[in-house]
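Okay, here's what each chain looks like letter by letter:
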Protein chains: 2
Amino acid sequence: MDTLLSIATHLWPTVTPVPSKLWALTATEVLSPIKEDRFTVEDYAKSLLTRIESRNGLVKAWQYLDRDLVMKEARALDKVPRDQRGPLHGVAIAIKDIMDTKDMPTEYGSSLYSGNRPNADASLVAIFRRARALIVGKTTTTEFIVLNSGPDTTNPHNPERTPGGSSAGSAAAVADFQVPLSFGTQTGGSVIRPASYTGTYAMKPTFNVISGGGIKVASLEFDTIGYFARTLDDLKLITGVLSVMTEEPVEEIPLKETKVGFVKSPFWPSAGPGTIAAMQKAAEILRSHGVTVEEVEFPDEFNDATTLDRMFKIVFVTNGGVSFYNDYLMDTTKTNLDPDVRAFVEGAPKYPREQVRQALDYYMALRPVFDGLAPNYSVLITPSATDEAPLGLGDMGSLCFNSVWTAAHMPVIHVPAFAGPNDMPVGLSLIARRYCDQYLLNITRILSEPLMREGIGSRNWITQKLNYHWILERKSTIGHTY
Amino acid sequence: MDTLLSIATHLWPTVTPVPSKLWALTATEVLSPIKEDRFTVEDYAKSLLTRIESRNGLVKAWQYLDRDLVMKEARALDKVPRDQRGPLHGVAIAIKDIMDTKDMPTEYGSSLYSGNRPNADASLVAIFRRARALIVGKTTTTEFIVLNSGPDTTNPHNPERTPGGSSAGSAAAVADFQVPLSFGTQTGGSVIRPASYTGTYAMKPTFNVISGGGIKVASLEFDTIGYFARTLDDLKLITGVLSVMTEEPVEEIPLKETKVGFVKSPFWPSAGPGTIAAMQKAAEILRSHGVTVEEVEFPDEFNDATTLDRMFKIVFVTNGGVSFYNDYLMDTTKTNLDPDVRAFVEGAPKYPREQVRQALDYYMALRPVFDGLAPNYSVLITPSATDEAPLGLGDMGSLCFNSVWTAAHMPVIHVPAFAGPNDMPVGLSLIARRYCDQYLLNITRILSEPLMREGIGSRNWITQKLNYHWILERKSTIGHTY
């Protein structure tokens, strides 16, 4: 391995300043050297597994990980002739354990499915396997995606704090450099919020631009697939492989010609000091670069937090009652499902049907209205979470700043640009209109550059918490990995 | 078997006038005698298999049927102690071959999935298996539910005519007395239209009141599970087992106090003589019983057939492009998928995203508007198909009278009350507002009684085509089985 790595260092000096730490590379960074045999997938996998082994006792991001299977798959990838290598050849990825995998158990966070082994991959897992990605393992999730506690996964930046749910393990694994990429899903805020708590980038694209085939459903009308990465380039890489349908070609916009709408939302009273400071600081940084910053109110008819919450809950419970009905019947002893999951099936019929119709129509009416807000600005910016990750693992935090955008089906990218008073990550959500996913990636690249540089630079929490001086040193060479 | 049947005849004289033909019983009719050991599931299964064998060469409704498996399952059901029998104990049901079954192949109508064997049941299959139904086999479907031809299934009333698609086999098997119940799905009109062509009852409940887990998706936003039966009681039976959430308790409404809205729709110019006559005759029959009959127009903003079609197609293709993307990549030789299926993936990105948003918003705006029409009437009545089943198997007919109601997410019941100029079945759709599924079953029972009696009586097509004199004779005893 030493020889290989010294070759890699020689051939690839600008992007591998710390070649002994292959696990720290982003997906985009490992692509070329693997494709060109500068190091093997086996070497890369070994490095990742070493990292995972050293951190797993603390972070506990994995629901299932079979070292031997990972090494076997890695060696198989190395044997693929160069001209048959895929667009993600050898890139490591983690899969939230509500997505079926044909070679690993899939337990949906529930003891009801203990040891469950589907014999087919979920649609997106199949796409990544065909792209020759290395499927490392299954990450922890809350039961059926809907509970607000469950896994003992910790926040890599502070084991006394939650990584957020329900995509807990996927966020923690990427934040902790155990894999460069992972998949999650968001019914309310289960991708963007854990990304904020753990300090990763994440993207929740437009609703239903990625097939949910083979993925456990909670709410058919809200569930959206999302992904975590440590760079925007990596989010873009995933988006491309999934062939998320694009808006017309995106033009370059000079930073100072952009106009950003800051949306505090009717949930602003829930914002804590970290989030308040992040919104203020972001506006300052952008203004200092000539960006036009305006405050945007929620449209009047949707500007009431209580109504937004109540309507969301009615759709969520009604949908969940349908999705979990078979599981409910399956749990004949009533000992496997959490009472809060059973409550979906038992509670759903209690809403008068008139309220259900109203709630569905409320969010259907909201979609074009919120969508219509976006084109007035280059992008909308809103909090990703109420504050830093809460203390303890029993409360995975509030989804209040996320659920409206999920229900609106609009694409959201989380930018981990700030830290809170306890030196824990805090980030912001950048939002575009539906089907402008590629546009959103581009405008986020333009705006996040000053935000990441001047936001994180102000606290330096990564160096304090994880002692990754070398990562900061790389910034000038390879862009904003952090 | 003779002994058993003579016992059955003795104990159960009013509902089994033709005991040598157990296959002809409805689901509701087999429930009690099986539960009470008046005949065995094995006897019942044998009878069904005899019927299937005698008709399969002509009708070809089955994609997969394993006699030995059926008999094994039937014997296993007979061994279940009486106090552990399920609510559907021994009732035979057919499953459209886009729904996963753990003990049978599931091919989604595509050679790409030839021999595909999921190891878990789709959610609704699991619910029916747990209710101790007898899963007889998998019925034919068009490729991925979206093509308009494919299976060689024929219409039981005339083998030169299509049974309609995509739920071709499920409709044909029930119409032909090969099973009393079957499941289908409808993206545009794939349940209601084949029900009309084959003369069965069918129900497409409100969108997303039954979990689609383990079922191939075409359009996430339109696909709705539905079911076929030969009586309304059987539709009600299925609805109950699936625990479709109900409106508040339904009151009895005397027939002459009902008010029916007849909806010709902007697609009326497509109606052929059978459909035109059925709508006229239905209005006459109902009026003659004191029912108030009014014509209802589509609301102005949605009263254009071209726009309705175009918007439907944009959502359908956009959704299909997402749903089939993995299959598209899987078909590396480009020889397995039909070019019309490939066209979803290739065509979806060609719509400007602005058109996609418009189309989604168009149908989201339509839902509350159409829903708001319904409460002005006891029920809405509209054509189920343009006319009788077309000649030949290459054109499975038009969905124009169905797709708006599918996209509107409203529940629809097909009533097979009429016949066309070629003595082929023609029926009508009864429609209520969303989540009024139980209400719709009840009002349909009230209104279909005179429609079935005076509609079918006028042509007697069943006696002509299938020579089931004995079935007509049963009508006075057990209600409108036909």
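Before any of the text, the structure's been laid out above.
What counts, and at which threshold
- Residues numbered from 1 in each chain as written.
- Chains lettered and ligands numbered in written order.
- Predicted model: local features only at pLDDT ≥ 70, side-chain atom pairs only at ≥ 80, totals over all residues.
- Heavy atoms only, no water.
- Helix = DSSP H or I, 4+ residues; strand = E, 2+ residues; numbered from the N terminus.
- Buried < 20%, exposed > 50% of the residue type's maximum accessible area, 1.4 Å probe, protein only.
- Areas by Shrake-Rupley, 256 points an atom, 1.4 Å probe, with all protein chains shown as cover.
- Pairing = 2+ DSSP bridges.
- Axes fitted to C-alpha atoms, helices over the stretch in contact; angles between N-to-C directions.
- Contact = heavy atoms within 4.5 Å.
- Lys, Arg positive; Asp, Glu negative; His and termini not counted.
- Salt bridge = Lys/Arg side-chain N within 4 Å of Asp/Glu carboxyl O.
- Polar contact = N/O pair within 3.5 Å; in protein donor to acceptor, adjacent residues only side chain to side chain.
- Expected span 1.5 Å × (residues − 1).
- Bend = angle between axes of the 7 residues up to and from the residue.
- Buried area = accessible area lost by both parts, 1.4 Å probe.
- Nonpolar A, V, L, I, M, F, W, Y, C, P; charged D, E, K, R; others polar.
- Least-squares fit on C-alpha atoms with pLDDT ≥ 70 in both.
- Parallel < 35°, antiparallel > 145°, perpendicular 65-115°, else oblique.
- Left-handed = near helix turned anticlockwise from the far one by under 90°.

Draft legend 1. Region of interest: the overall build of chain A. The helix and strand inventory of chain A stands at 17 helices and eleven strands. Within chain A, buried positions represent 66% of all 482 residues. Carbon and sulfur atoms form 50% of the exposed surface of chain A, whose accessible area is close to 15800 Å².

Draft legend 2. Local environment of the sheet that holds strand β7 (residues 259-263) of chain B. Residue and element names in this part refer to chain B. Ordered in space as β1-β3-β2-β4-β6-β5-β10-β11-β9-β7-β8, the eleven strands form an open sheet in which the pairing is mixed. A strand with exactly one partner marks an edge of an open sheet, and here the two such strands are β1 (62-64) and β8 (292-296). Across the sheet, the mean angle from the axis of one strand to that of its neighbour is 30°, orientation sign disregarded. Relative to strand β11 (residues 425-431), strand β10 (residues 412-419) runs antiparallel, the two being bridged by six bridges. When the sheet's bridge partners are listed, Ala 419 is paired in β11 with Pro 425. Here helix α6 (residues 168-175) sits on the sheet in contact with β1, β2 (92-96), β3 (134-139), β4 (181-186) and β6 (224-229), set at roughly 150° to β4.

Draft legend 3. Up close: the side chain of Arg 367 of chain A. All names here are of chain A. Checked against the element boundaries, Arg 367 lands in helix α13 (residues 353-373). Buried and unpaired, Arg 367 has Glu 221 as its nearest opposite-charge partner, separated by 5.9 Å. Within the structure, the side chain of Arg 367 is placed 2.7 Å from the backbone oxygen of Ala 407, a separation counted as a polar contact.

Draft legend 4. Structural detail: helix α13 (residues 353-373) of chain B. The terminal C-alpha atoms of α13 of chain B lie 31 Å apart, and with 21 residues this matches the ideal 30 Å at 1.5 Å per residue to within 8%. The largest bend in α13 of chain B comes to about 25°, at Arg 367 of chain B, with the proline Pro 368 of chain B one to four residues further on.

Draft legend 5. Main features of the interface of chain A and chain B. On the side of chain B, 46 residues touch chain A, which itself brings 46 residues to the contact. Roughly 3900 Å² of surface becomes buried between chain A and chain B when both sides are summed, with 57% attributable to carbon and sulfur atoms. Counting across the chain A and chain B interface gives six salt bridges. The residue Glu 354 of chain B makes a salt bridge to Arg 433 of chain A at a minimum N-O spacing of 3.6 Å. Counting across the interface, chain A meets chain B through eleven residue pairs in polar contact (both at pLDDT 80 or more). Of all the secondary-structure elements, those providing two or more residues to the side of chain A that touches chain B are α5 (123-130), α10 (305-323), α11 (325-330) and α13 of chain A. Its residues assigned to classes, the side of chain A that touches chain B shows 23 nonpolar, ten polar and 13 charged.

Draft legend 6. Representation of the relation of the copies chain A and chain B. The two copies are related by a screw operation: chain A maps onto chain B through 180° of rotation and 0.0 Å of translation along the axis, at an RMSD of 0.0 Å. Viewed as a symmetry operation, the transformation between the two copies matches a two-fold axis. A shared interface surface links the copies, since 100% of the contact residues of chain A are contact residues in chain B too.

Draft legend 7. Up close: the pairing of strand β9 (residues 379-383) of chain A. Residues and elements named next belong to chain A. Within β9, five of the five residues are buried, leaving the element largely enclosed by the surrounding structure. As defined by bridge partners, strand β7 (residues 259-263) adjoins β9 across three bridges and the pair is classed as parallel. What sits directly across from Phe 262, in β9, is Ile 381. Of the strand pairs in this sheet, β9 and strand β11 (residues 425-431) are connected by four bridges, and their pairing is antiparallel. Bridge pairing in β11 links Leu 380 to Ile 431.

Draft legend 8. The arrangement of the environment of Asn 336 of chain B in detail. All names here are of chain B. Along the chain, the position of Asn 336 falls in the loop between α11 (325-330) and α12 (339-347). Asn 336 sits in the partly exposed class, given a relative accessible area of 27%. For the pair Asn 336 and Leu 112, spaced 224 residues apart in sequence, the C-alpha separation works out to 5.4 Å. A polar contact is formed between the side chain of Asn 336 and the side chain of Ser 111, at a distance of 3.1 Å.

Draft legend 9. Spotlight on the sheet that holds β7 of chain A. Residues and elements named next belong to chain A. Read across the sheet, eleven strands follow the order β1-β3-β2-β4-β6-β5-β10-β11-β9-β7-β8 without closing on themselves; strand pairing throughout is mixed. Edge positions in the sheet fall to β1 (62-64) and β8 (292-296), since each has one partner strand and no second. Neighbouring strand axes in the sheet, compared pairwise and without regard to direction, differ in orientation by 30° on average. Relative to strand β6 (residues 224-229), strand β5 (residues 201-204) runs antiparallel, the two being bridged by three bridges. By the bridge assignment, Tyr 201 is partnered in β6 with Ala 229. Running over the sheet, helix α6 (residues 168-175) touches β1, β2 (92-96), β3 (134-139), β4 (181-186) and β6 and is turned about 150° from β4. Strand contacts of helix α8 (residues 232-241): β4, β5, β6 and β10 (412-419), with the helix running at about 140° to β6, the strand carrying the most contacts.

Draft legend 10. The pattern of salt bridges, seen in detail. Within this structure, the stated rule accounts for 46 salt bridges over all chains. Here Arg 38 of chain A ties to Glu 36 of chain A by a salt bridge, and the two come within 2.8 Å at their closest N and O atoms. A residue is classified by how much of its surface remains accessible, and Arg 38 of chain A, at 10% relative accessible area, is buried. What makes Glu 36 of chain A partly exposed here is its relative accessible area of 40%. Arg 51 of chain B serves as the salt-bridge partner of Asp 176 of chain B, at 3.0 Å between the closest nitrogen and oxygen. You can see Asp 176 of chain B sitting in the loop between α6 and β4 and its partner Arg 51 of chain B sitting in helix α3 (residues 41-59), a full 125 residues away along the chain. Residue Asp 176 of chain B shares its accessibility class with Arg 51 of chain B, and that shared class is buried. It is possible to trace a salt-bridge network through shared partners that takes in Glu 354, Arg 357 and Asp 361 of chain A together with Asp 371, Arg 433 and Arg 434 of chain B.

Draft legend 11. How the structure looks around the packing of α10 of chain A against α13 of chain A. Residue and element names in this part refer to chain A. For the pair α10 and α13, interaxial distance at closest approach is 9 Å and the crossing angle is 115°. It follows that α10 is roughly perpendicular to α13 by the angle criterion. Relative to α13, the crossing made by α10 is left-handed. Of the residues in α13, those in contact with Thr 307, Leu 308, Met 311, Phe 312, Ile 314, Val 315 and Thr 318 of α10 are Arg 353, Gln 355, Val 356, Gln 358, Ala 359, Leu 360, Tyr 362, Tyr 363 and Leu 366. By residue class, the composition of the contact of α10 with α13 is eleven nonpolar, four polar and one charged.

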